[in-house]
Amino acid sequence: MSKRLFLLRHAKAVRGDDPSGDFTRPLTDRGVIDARALGRHLAEAGHRPELVLCSPARRTRETWLSLAEWLKDSVVEFDPGLYGADAGAILTRLRQVAANVPSLMVIGHNPGIGDLALDLVAAADTQPGAGLAHMRAKFPTAALAVFTVPTATWSELRSGLCPLTAFRRPHPVG
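Residues numbered from 1 in each chain as written. Predicted model: local features only at pLDDT ≥ 70, side-chain atom pairs only at ≥ 80, totals over all residues. Heavy atoms only, no water.

1. Things to note about the pairing of strand β2 (residues 51–54)
In step 1: Residues Leu51 and Leu53 of β2 are buried on one face, and the alternating residues Val52 and Cys54, pointing to the opposite face, are buried as well.
In step 2: Taken together, the 4 bridges between β2 and strand β3 (residues 75–78) define a ladder with parallel strand orientation. Following the sheet pairing, Cys54 is matched in β3 by Phe78.
In step 3: Crossover handedness for the path β2 to helix α2 (residues 58–68) to β3: right-handed.
In step 4: As judged from the 4 bridges shared by β2 and strand β4 (residues 103–108), these two strands associate in the parallel manner. Following the sheet pairing, Val52 is matched in β4 by Met105. (Buried < 20%, exposed > 50% of the residue type's maximum accessible area, 1.4 Å probe, protein only. Helix = DSSP H or I, 4+ residues; strand = E, 2+ residues; numbered from the N terminus. Pairing = 2+ DSSP bridges. Right-handed = clockwise from strand over helix to strand, strands pointing away.)

2. A closer look at the packing of aromatic side chains
We describe a pair of aromatic rings using the distance from one ring centre to the other and the angle between the two ring planes.
In step 1: In the structure shown here, the tally under the stated rule is 2 aromatic pairs.
In step 2: When the ring of Phe23 is compared with that of Tyr83, the centres are 4.9 Å apart and the planes differ by 80°; the resulting orientation is edge-to-face. Here Tyr83 lies in the loop between β3 and α3 (87–94) and Phe23 lies in the loop between β1 (3–9) and α1 (29–44), a separation of 60 residues in the sequence.
In step 3: Taking the relative accessible area as the measure of exposure, Phe23 reaches 33% and is therefore partly exposed.
In step 4: The class for Tyr83 is partly exposed, based on a relative accessible area of 31%. (Phe/Tyr/Trp six-rings, centres within 6.5 Å; stacked < 30°, edge-to-face > 60°.)

Laid out in structure tokens, this is it:
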């Protein structure tokens, strides 16, 4: 029985020149628009994660709120350990998710989210046209990587295991 994993980098936030204010940076207008469009896309594609693990930073919470109207059945947990987490810390958290959760979204920050996406991908099994080359090139704000997790439990999640089903960016390359 496979599972579905969604790794989402928060949407575009205002620039933060003061490191002490990083946690409280809000989304820009474009960030809100991009997150809402992503929520609509997920709903139209029938992708509704059962559980959402979200960093408690303002920009990730606002990204979730922009998605939430489209993902009404999803349960969200704000996890302080996801703020500034590297790929290894996020993976450790994912392995703690209950085995009966069929689909999971993480809303977090780079470089952790992008690094984890690259670490998990099973390139040989990735669907053609899924966007692996674009994901390798850049994991921009409001980008979403969707994986099939071919395990019965989240505790079995490991590097190189997951075929990339899709990689969606908010704006086309150009």
